[in-house]
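Spelled out, the chains give:
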Amino acid sequence: MGTRWLVVALVLALAAPAGAQEKPLLRWGGDRNGGAPYIFEAADGKLTGFEVEFAEYLARELGRTPRFVQNQWDNLPDLLKRGDIDVVLNGYEFTKERHDDTPSTVPYYVYSLRLIVRQNEPDVFSWSDLGRQTEPKRVGVLRGSASQRYLEGRFGNKVRIEGSETVTEMLDLVQAGQVDVTVQDAPAAAYYVTPERYPGLKVVDEPAGYGYYVLLTRPDDAELREKLNAAIRKAVSSGWLKQLYQKYGLWNPAQQRLSYLAGQPWPEAAAEFATDDAGYAPPDPPKLSGILDKLLTAAAYTILLAVASFPIAMAIGLVVAVGRVYGPWPVRALFTIYVEVLRGTPLLLQLFVIFYLPSQLSKIEGWEWMSALALNKWAAAIIGLALNYSANEAENYRAGLMAVPKGQMEAALALGFTKWAALRYVILPQAFRIVIPPVTNDFIALFKDTAVCSTVMIVELTGLYYAYKVYPNLVLELALAVGLLYLLMSYPTAVLARWFERRLALTKEGGAR
Amino acid sequence: MIRVTNLVKFHGQTPILNGATLEVAKGQVAALVGPSGSGKSTLLRCVNGLEAFQEGEIAVGDALKLTGGSAPPKATLLALRRTVGMVFQQFNLFPHMTALKNVMSGPVHALGKPEAEAEVTAKALLARVGLADKHDAKPAQLSGGQQQRVAIARALAVDPAAILFDEPTSALDPKMSAEVMRVIDDLADDAALQVAMVIVTHDLAAVRRIADVVHVLGSGKVTFSGPPDEAFAPNGPAADLL
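Residues numbered from 1 in each chain as written. Chains lettered and ligands numbered in written order. Predicted model: local features only at pLDDT ≥ 70, side-chain atom pairs only at ≥ 80, totals over all residues.

1. Structural notes on the overall build of chain A
Rules: Each helix is a run of H or I in the DSSP string that is no shorter than four residues. Each strand is a run of E no shorter than two, and both are numbered from the N terminus. Buried means a residue has 20 or more other C-beta atoms within 10 Å of its own C-beta, exposed means 12 or fewer, and partly exposed covers the counts in between; C-beta atoms are placed from the backbone. The contact criterion used is a C-beta to C-beta distance within 7 Å, with each C-beta placed from the backbone.
Per the secondary structure count, chain A includes 20 helices and 10 strands. The principal-axis extent of the C-alpha atoms belonging to chain A is close to 95 × 55 × 50 Å. Buried residues in chain A amount to 42% of all 513 residues. Long-range contacts, defined as pairs at least 24 residues apart, comprise 73% of the intrachain contacts of chain A with a sequence gap of at least 6.

Structural data, given as structure tokens:
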């Protein structure tokens, strides 16, 4: 995520001199990652996609210069509100509550949702099959998207929703069997689910969950909004949009609604098509009290991740530290590399490699066996956290071992202890006491670092926040609730550790020796 | 019991021991004296295998032998240390164990004796050094003199044939020093206790009182071995240390 902010910062910095040109900028935000056919890089590296062409059209109509600003999809509205971009133009669906937060333009596309399954999927052939499973199916969605809300509203707890950050990530996971089925917007489904791109996947049943793609704007930009609306209405009535969609293979009869809506007051007209063909109406936005059980489950997942991975990290760390201090040189060299690699690369990247890389590599011919390494998300998360933290723990223990006076080892050896007995009964117990404070510190840090597991679709506390922050009515209280839960978990750990430290102190004072 | 022959030891380029030779008989109390830096402590540490040496030989009993310039086999080192105990200047008690557990640690963790048996021996030894009431005290709760007495009990607990005392009272004030020396006196006087003792110390009064033999070290060599009266006689080899 950090790199994305860097990209944004760079783009903004570059935007400054451009502002000196005659035409003002139209800064539009989107996410190109896994973004075909909306926004993606063509083979020649040029940004392309129907939204890119649409943005260029709008800028032309408004007499402005279009400038694309890349950001993670679910953060785009935040960027808009901060003032870093002028509009969000990236498949954002109209909802009433989103409109109240960041007012929308008239729609530029009528989207629907498509159900995507593996070619050999045995149970799910239609939407209604999802609600009939005794063992709930793992259904992948783009985090915070309309598919997530649609599934939650229509199927509730009968499906297990898994959120990813990009479409392609999720399609990889379904093809590799790490997720059962996925629901994606029709344009993405049409573009990706082809024998060339994802031969293992197919689209089943009719489209469902119709809705509208709109541009998002800031509330006080009424003038910009009016100009955009005029430009969009013109694109609809002149047939420019139809041509665009035909070019990308996205035109379908549902788009005829755009012509009708162009003549109606917005957003009031949105209600006219509020139910889809299955008779399903979008649910009201959730309240904090309504997702309390989800919040507590997420907190339990956070605890589970930390409690399961930390003992493994401690055990590996202990072996590595003892090897580095007392082992022969090949062991020392090997463990030094181990520590430096794990300590010197980001946890997020490690987790990504463990979870996504095998399934992505397995798509390459001759590398199909890699799919056997595709771990389920829990194993990947726990192993990732444990490995990453084992490097920190190894360094803690090493410091602890070196802090035990040399005379302790000599005294034990002089009594006839073997080196291992001396380590076990004399050195390690003392080193352990010395490292309680840094190890506790790491455990608390690990509690918070479990947040990265949201990238492997585990809905722990931060993942839950991401999944529900799309509801503007919920975002503040949710942030407070999640923060409070983290604090409630980490503070007792700190208190417990201090008590432990006092109890095991080596001196009367219980302080530094 | 302990025979050191032509020991040569360098720290880098600096010679510490340069052909030191001495012998300690079974049950004998030997004192090692000499000016600071003459290599007394180094010699002791070589005998216990805590330091390697370049040339010469150290033999303990009939079977155990350390040879200069080669790393001794682990089994030899282990057997050697179970035969020869050591008491350090800085006590080196295990701070996370009580006094009793410290004394029990050798029998239990080095010799594999059952805890119950080790505890009986350890309690008797703590009583012998005058600390019967300090079983449950942690080292940090004991004075320096008390800690060193626990350390002596700990060394005795593995039933060694010899104990090496490396400046056992140097870190203590005179009062505590005296109480530790009383314990060492008591061990030296105990005819039933067949433990050879080698003491490195600057407490020459104590040496005169308890030593059977005094070895004087100078320039990395043993320059004199003989009874204390002779060593400390006016114009004797150790007279200038007085």
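Back to the text.
2. Observations regarding the overall build of chain B
Keep this limit in mind: Based on C-alpha atoms, the radius of gyration is set beside the globule rule, defined as 2.2 Å times the residue count to the power 0.38.
Counting its secondary structure elements, chain B contains 8 helices and 10 strands. Relative to the globule expectation of 18 Å for 242 residues, the C-alpha radius of gyration of chain B, 18 Å, shows essentially globular dimensions. The buried share of chain B, taken over its 242 residues, is 50%. Contacts spanning at least 24 positions in sequence make up 65% of the contacts within chain B whose residues lie at least 6 apart.

3. Thoughts on the interface of chain B and chain A
The condition that has to hold: The nonpolar class holds Ala, Val, Leu, Ile, Met, Phe, Trp, Tyr, Cys and Pro. Asp, Glu, Lys and Arg form the charged class, and all remaining residues, Gly among them, are polar.
Counting residues at the interface gives 22 residues for chain B, matched by 19 residues for chain A. Sorting the residues of the side of chain B that touches chain A by element identifies α2 (74-83), β6 (84-87) and α3 (99-110) of chain B as the ones contributing at least two each. In terms of residue count, the dominant contributor to the side of chain B that touches chain A is α3 of chain B (4 residues). Across the side of chain B that touches chain A, the residue classes break down as 10 nonpolar, 9 polar and 3 charged.

4. Details of the sheet that holds strand β9 (residues 213-218) of chain B
Residue and element names in this part refer to chain B. Defined as follows: Two strands pair under a simple rule: DSSP has to find at least two bridges between them. Angular values range over 0 to 180 degrees, each being the angle between N-to-C directions of two axes fitted as lines to C-alpha atoms, with helices fitted over their stretch in contact.
Strand order in the open sheet formed by 6 strands is β6-β7-β8-β3-β9-β10, with mixed pairing between adjacent strands. Of all strands in the sheet, those with a lone pairing partner are β6 and β10 (221-226), marking the two edges. For this sheet the average axis-to-axis angle between neighbouring strands, irrespective of direction, equals 20°. Bridge count for strand β7 (residues 162-166) against strand β8 (residues 196-200) is 5 bridges, and the pairing is parallel.

5. Describing the packing of helix α18 (residues 436-449) of chain A against helix α20 (residues 475-503) of chain A
Working note: a packed helix pair is described by the angle between its axes plus the distance between those axes. Residues and elements named next belong to chain A. Here is the rule: Any angle that is under 35 degrees is reported as roughly parallel, and any over 145 degrees as roughly antiparallel; angles of 65 to 115 degrees are reported as roughly perpendicular and all others as oblique.
One way to put it is that α18 packs onto α20 with a least axis distance of 10 Å and a crossing angle of 170°. Between α18 and α20, the crossing angle belongs to the class labelled roughly antiparallel. Residue-level inspection shows Ile436, Pro437, Thr440, Phe443, Ile444, Phe447 and Lys448 of α18 in contact with α20, the latter providing Tyr486, Met489, Ser490, Thr493, Ala494, Ala497, Phe500 and Glu501.

6. Focus on unusual backbone geometry
Both trends apply: most residues other than glycine have a negative phi, and most peptide bonds are in trans. Here Ala36 of chain A and Pro37 of chain A are connected by a cis peptide whose omega angle stands at -5°. Counting through the fold element by element, Pro37 of chain A comes out in the loop between β1 (25-30) and β2 (40-41). Cis geometry marks the peptide bond from Trp266 of chain A to Pro267 of chain A; its omega dihedral reads 15°. Along the chain, Pro267 of chain A turns up in the loop between α11 (256-262) and α12 (292-326). The phi dihedral of Glu167 of chain B falls on the positive side, at around 45°, and the residue is not glycine. Within the secondary structure, Glu167 of chain B is located in the loop between β7 and α6 (174-189). Judged by local crowding, Glu167 of chain B falls into the partly exposed class, with 18 C-beta atoms found within 10 Å.

7. Quick notes on the sheet that holds strand β2 (residues 14-24) of chain B
Residues and elements named next belong to chain B. Read from one edge of the open sheet, 4 strands run β2-β1-β4-β5, paired in antiparallel fashion. For this open sheet the edge positions go to β2 and β5 (64-67), each flanked by a neighbour on one side alone. Taking the axes of each pair of neighbouring strands and ignoring which way they run, one obtains an average angle of 20° across the sheet. Two elements, strand β1 (residues 2-11) and β2, share 8 bridges in a ladder whose sense is antiparallel. When the bridges of β2 are listed, Val8 appears paired with Asn18. Its contacts with the sheet put helix α1 (residues 40-47) on β1, β2 and β4 (55-60), and the angle it makes with β1 is roughly 115°.

8. Some points on the domain arrangement of chain A
All names here are of chain A. Put simply, the rule reads: A domain assignment, automatic or from a database, supplies the domain bounds used here.
Parsing chain A into structural domains produces domain 1 (2-108 + 214-271), domain 2 (110-211) and domain 3 (289-503). Between the C-alpha centres of domain 2 and domain 3 the distance comes to 33 Å. Each side of the interface is counted separately: domain 2 has 12 residues, and domain 3 has 13 residues. Put simply, the parts of the chain that give the side of domain 2 that touches domain 3 at least two residues each are β8 (159-164) and α7 (167-175). Residue composition of the side of domain 2 that touches domain 3, by class: 2 nonpolar, 5 polar and 5 charged.

9. Topic: the environment of Asp136 of chain B
All names here are of chain B. Mapped onto the fold, Asp136 is located in the loop between α4 (115-128) and α5 (144-157). By the C-beta count within 10 Å, which is 10 here, Asp136 ends up exposed. Separated by 38 residues in the primary sequence, Asp136 and Thr98 place their C-alpha atoms 5.2 Å from one another. In this structure, Asp136 is in contact with Thr98 and Leu100, ignoring residues within four places of it in sequence.

10. Here we look at the confidence of the model for chain A
Residue and element names in this part refer to chain A. What counts here: Note: pLDDT gives the predictor's confidence per residue, expressed from 0 to 100.
When pLDDT is averaged along chain A, the result is 88; 92% of the residues meet or exceed 70. Per-element confidence in chain A is highest for strand β5 (residues 87-88), whose mean pLDDT is 96, and lowest for helix α1 (residues 2-18), whose mean pLDDT is 56. A low-confidence stretch, residues 508-513 stays under pLDDT 50, and its non-local contacts, those more than four residues away or across chains, total 6 contacts.

11. Digging into helix α9 (residues 222-237) of chain A
Residue and element names in this part refer to chain A. Note the threshold: A helix's residues, less one, multiplied by 1.5 Å, set its expected span.
With 16 residues, α9 ought to run about 22 Å at 1.5 Å a step, and its terminal C-alpha atoms sit 22 Å apart, in line with that. In this fold, the buried residues of α9 make contact with α2 (50-62), α10 (240-247) and α11. Two residues or fewer after α9 comes Gly239, characterised by a positive phi angle close to 85°.

12. Focus on the packing of α5 of chain B against α6 of chain B
All names here are of chain B. Formally: Should the near helix be turned anticlockwise from the far one by less than a right angle, the crossing is left-handed, and should it be turned clockwise, the crossing is right-handed.
As a packed pair, α5 and α6 sit with axes 8 Å apart at the nearest point and diverge in direction by 20°. What the angle tells us is that α5 and α6 run roughly parallel. Along this stretch, α5 crosses α6, giving a crossing that reads as right-handed. Contacts between α5 and α6 involve Gly144, Gly145, Gln148, Arg149 and Ile152 on the former and, on the latter, Met176, Glu179, Val180 and Val183.

13. Points about helix α15 (residues 377-403) of chain A
All names here are of chain A. The condition that has to hold: Here the bend at each residue means the angle between axes fitted to two seven-residue stretches, the one ending at that residue and the one beginning there.
Here α15 spans 39 Å end to end across 27 residues, near enough to the 39 Å set by a 1.5 Å rise per residue. Of all the bends in α15, the greatest measures close to 30° and is centred on Ser390. Most of α15 is tucked away: 19 of the 27 residues are buried.

14. Here we look at the pairing of β10 of chain B
All names here are of chain B. Sheet topology places β9 next to β10; 5 bridges connect them, and they run antiparallel. Pairing of Leu217 across the sheet is with Val222, part of β10. What sits between the antiparallel neighbours β9 and β10 is a turn of 2 residues, in which Ser219 has the positive phi angle 55°.

15. Quick word on the environment of Ala445 of chain A
All names here are of chain A. Relative to the helices and strands, Ala445 resides in helix α18. Under the C-beta neighbour-count criterion, Ala445 is labelled partly exposed, with 13 such atoms within 10 Å. Taking C-alpha positions, Ala445 is 32 Å from Met370, a pair spaced 75 residues apart along the chain.

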